[in-house]
Amino acid sequence: MRDVAVVSYAQFAARNEQSRNEIEFLLPVVKEALAPTGLTSQDMGFTVSGSSDYLAGQSFAFVSALDAVGPWPPIAESHVEMDGAFALYEAWVRLQHGDIDTALVYAFGKSSPGDIGRVLSLQLDPYLAGPLWPDAASLAALQARVLLDSGKASEKDLARVVARSRRSALGNPHAQLKGEYDEAALLDEPLYADPLRKHDLPPITDGAAVIVLAAGDRARDLCEKPVWIRGIDHRIDGQALGSRDLSVSPSTTLAGRKAGLGDIGGGVDLAELHAPFSHQELILTEALGLDETRTRINPSGGALASNPVMVAGLVRIGEAAARLAAGDGQTAVAHATGGPCLQQNLVCVLEADK
Amino acid sequence: MSTEPVTAVPVSEIVTPIRLDYRYTPGEASSRFLRGMKEGRILGRRCPSCLKVILPPRGCCSMCGELLGEEVEVKDSGTLVTFAVVNVNFANRTIDLPYVTGEVLFDGADMTTMVLLSGVPLDEVRMGMRVKAVWLPEEQWDYTLANIDHVEPIDEPDADYESFKELL
């Protein structure tokens, strides 16, 4: 395998971006990510994005967003209707071909224009589950109930995840929900979608993220401290929600194994897990075999603090890489998810340049 | 519950209604454009890199990837760059057939805009024809390009092909 590294990362997140459209807030993030590399989008060997037109409610919104990249003269470009982390996977595969050295990956999305809980229902099978219009929070609550009933976690564990996330988010300028919260006080809050409380749900966030990848020596030329992708893999669980045990995430476990997470002796220093709902962090921690006394979980605050849909997974890779580049650890695992109840999962193992 | 076997006749069709409501954000540049339309003005924006006047502006130049610069008011007369005679209506369109949809380069803009063309026999429609906007009555103006009901020919010599061939 060819060594590929994250050489630059930038993001934007806001609660409700009412004045600018997606193109207008994506463009500065593209420029911010490119600036330290000294490259332009025209220099990139490959460009790929992740987004969903259902968020904006406009067909071919992903084509419009290309305006923000400056695609003339024509560039080699692709798109996935998934979180940007899966676009990054495509870029990584493309870089394995060996004929190009750089790739630009971006993700954007506004969750605020529509009813995001209903929009996400369109991910369900359109014949049997979709017509029932179960919103995202209700489906997550079903999963949380299965987890609690399994005896592997309690409501106190959910409150602990939320309190830690918001405390960690204090250091994250892009986080929307942050602060010191008392776990017992969180449990006094009313139930929203039993057994979940409002704080177990992610905030509604508009945002964009951009990562520049480079291969081999080119990565060292372009930045001080490349963060190498040691392994990356994504897997999927069955589509019918009733066909799987929602309290576990076998696709995450398998993706982690294929990405070589087990090859990092003694465990990774930090983990950025894409868990939009508090109980999902517990499922993912178990699925990846992480030890919280060894590995810092979601030092950015995670998706509970800021959750731009279609972007938050790419942000996990970016946040983990940025921390390693800053010397805040040597190894990390980043995870991204898509679909209802952690249906699709991507795992990326990162290591700072020695 | 019935113990009768389920009929073997296949289900050939089901109806699953979908409705999603959105609060659309046009963005800063398009908002300026739409406010201009409300006043009967066509407002483009110039790309600071290639200097082209983009119309309607969506925020950045679709070729250069640069945020748009100065606002430029464009005239409501222009050149028919290309056109199509439409003989088959599509959903929700109530215009009498056949009709002509054209790409018009409004004077002062560097991008064409799609509008309807009327007031000319079909066999006389041609590329390079000079046209002018016919606006709806002012009291009907809203934040929309639809304030221009259609364009119609004006008595000017056709534009030279060389002057618009780059847009084809």
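The rules behind the values
Residues numbered from 1 in each chain as written. Chains lettered and ligands numbered in written order. Predicted model: local features only at pLDDT ≥ 70, side-chain atom pairs only at ≥ 80, totals over all residues. Helix = DSSP H or I, 4+ residues; strand = E, 2+ residues; numbered from the N terminus. Rg over C-alpha atoms; globule rule 2.2 N^0.38 Å. Buried ≥ 20, exposed ≤ 12 C-beta atoms within 10 Å, placed from the backbone. Expected span 1.5 Å × (residues − 1). Pairing = 2+ DSSP bridges. Contact = placed C-beta atoms within 7 Å. Axes fitted to C-alpha atoms, helices over the stretch in contact; angles between N-to-C directions. Nonpolar A, V, L, I, M, F, W, Y, C, P; charged D, E, K, R; others polar. Domains from an automatic or database assignment. pLDDT = per-residue confidence, 0-100.

J.: Explain the overall build of chain A to me, please; I cannot follow it from the model alone.
T.: The secondary structure content of chain A amounts to twelve helices and twelve strands. A compact globule built from 354 residues would reach a C-alpha radius of gyration of about 20 Å, and chain A, at 19 Å, matches this within 12%. Once the C-alpha set of chain A is aligned to its principal axes, its extents read approximately 55 × 45 × 40 Å. The buried share among the 354 residues of chain A stands at 58%.

J.: Honestly, helix H4 (residues 84-96) of chain A in this entry has me stumped. Any pointers?
T.: Helical geometry: 3.6 residues make up each α-helical turn, so side chains three or four residues apart lie on a common side. Under the 1.5 Å per step criterion, the end-to-end length of H4 of chain A is 19 Å for 13 residues, consistent within 8% with the ideal 18 Å. Turning to H4 of chain A, its buried residues number three or more, namely Gly84, Ala85, Phe86, Ala87, Leu88, Tyr89, Ala91, Trp92, Arg94 and Leu95 of chain A.

J.: Just to check I follow, could you spell out the sheet that holds strand E3 (residues 77-80) of chain A for this structure?
T.: The pairing of strands in a sheet comes from backbone hydrogen bonds and takes either a parallel or an antiparallel form. Residue and element names in this part refer to chain A. Ordered in space as E3-E2-E4-E7-E1-E8-E12-E11-E9-E10, the ten strands form an open sheet in which the pairing is mixed. Two strands bound the open sheet, and with one partner strand each, they are E3 and strand E10 (296-297). In this sheet, strand E12 (residues 344-352) lies alongside strand E8 (residues 227-236) in antiparallel orientation, the contact comprising nine bridges. Across the sheet, the residue bridging to isoleucine 236 is glutamine 344, located in E12. Of the strands in this sheet, strand E1 (4-14), strand E2 (46-50), strand E4 (102-110), strand E7 (206-215), E8, strand E9 (270-272), strand E11 (331-338) and E12 touch helix H12 (residues 312-325), which is tilted by about 170° from E11.

J.: I'm lost on the pairing of E12 of chain A in this one. Help?
T.: In regular strands, side chains alternate between the two faces of the sheet. All names here are of chain A. With nine of nine residues buried, E12 lies mostly within the body of the structure. Covered by surrounding structure in E12 are Gln344, Leu346, Cys348, Leu350 and Ala352 together with Asn345, Val347, Val349 and Glu351, the residues of both alternating faces. Relative to E12, E11 runs antiparallel, the two sharing eight bridges. Bridge pairing links threonine 331 to glutamate 351 in E12. Between E11 and E12, which pair antiparallel and follow one another directly, the connecting turn spans five residues, one of which, glycine 339, has a positive phi of 85°.

J.: Teacher, can you tell me more about the packing of H4 of chain A against H12 of chain A here?
T.: Any two packed helices are characterised by how steeply their axes cross, that is the angle between the axes, and by the distance between the axes. Residue and element names in this part refer to chain A. In the contact formed by H4 and H12, the axes pass within 5 Å of each other and the chain directions differ by 65°. Within the contact between the two elements, H4 uses Gly84, Ala85 and Leu88 and H12 uses Gly313, Leu314, Arg316 and Ile317. For the contact of H4 with H12, the class distribution of residues is four nonpolar, two polar and one charged.

J.: What should I look at first to understand the interface of chain B and chain A in this one?
T.: Interface extent is often summarised as the accessible area lost during association of the parts. Across the contact, 20 residues belong to chain B and 24 residues belong to chain A. For the side of chain B that touches chain A, the class distribution of residues is nine nonpolar, seven polar and four charged.

J.: Looking at this structure, I do not really get the domain arrangement of chain A. What am I missing?
T.: Residues and elements named next belong to chain A. Domain annotation of chain A identifies domain 1 (4-115 + 204-225) and domain 2 (135-201 + 228-352). For domain 1 and domain 2, the distance between their C-alpha centroids amounts to 23 Å. On the domain 2 side, the residues contacting the 31 residues of domain 1 number 26 residues. Elements supplying a minimum of two residues to the side of domain 1 that touches domain 2: E1, H4, E4 and E7. Partitioning the side of domain 1 that touches domain 2 into residue classes produces 18 nonpolar, nine polar and four charged.

J.: Just checking my understanding: could you explain the environment of glycine 98 of chain A for this structure?
T.: Turning to its location among the elements, glycine 98 of chain A is positioned in the loop between H4 and E4. Considered as a pair, glycine 98 of chain A and alanine 215 of chain A are 117 residues apart in the sequence and their alpha carbons are 8.6 Å apart.

J.: Just checking my understanding: could you explain the confidence of the model for chain B for this structure?
T.: In low-pLDDT segments, the atomic positions of the prediction should not be examined closely. When pLDDT is averaged along chain B, the result is 93, and 99% of the positions lie at 70 or above. The element-level mean pLDDT for chain B is lowest in helix H1 (residues 28-38) of chain B, coming to 95, with strand E7 (residues 130-135) of chain B highest at 98.

J.: Teacher, can you tell me more about the sheet that holds strand E3 (residues 71-74) of chain B here?
T.: Residue and element names in this part refer to chain B. Read from one edge to the other, the open sheet built from three strands follows the order E2-E1-E3, with strand pairing classed as antiparallel. Strand pairing shows two members of the sheet lacking a second neighbour, strand E2 (53-54) and E3, which therefore form its edges. Where strand E1 (residues 42-46) lies against E3, four bridges are found, and the strand directions are antiparallel. Counted as the bridge partner of isoleucine 42 is valine 74 from E3. Across the face of the sheet, H1 comes into contact with E1 and E3 while running at roughly 155° to E1.

J.: Before we go on, may I ask you to explain the pairing of E2 of chain A in this structure?
T.: All names here are of chain A. When you tally the buried positions in E2, you get five out of five residues, the bulk of the element. Where E2 meets E4, five bridges bridge the pair, whose relative direction is parallel. From the neighbouring strand, valine 48 faces E4, where its bridge partner is valine 105. Pairing of E2 with E3 involves four bridges; the strand directions are parallel. Counted as the bridge partner of valine 48 is serine 78 from E3.

J.: Whenever I open this one, the domain arrangement of chain B confuses me. Can you help?
T.: All names here are of chain B. Per the domain assignment, the segments of chain B are domain 1 (24-74) and domain 2 (75-168). Relative to domain 2, the C-alpha centre of domain 1 lies at a distance of 20 Å. On the side of domain 2, 17 residues touch domain 1, which itself brings 14 residues to the contact. Mapped by element, the contributors of at least two residues to the side of domain 1 that touches domain 2 are H1, E1, E2 and E3. The biggest single contributor to the side of domain 1 that touches domain 2 is H1, with four residues.

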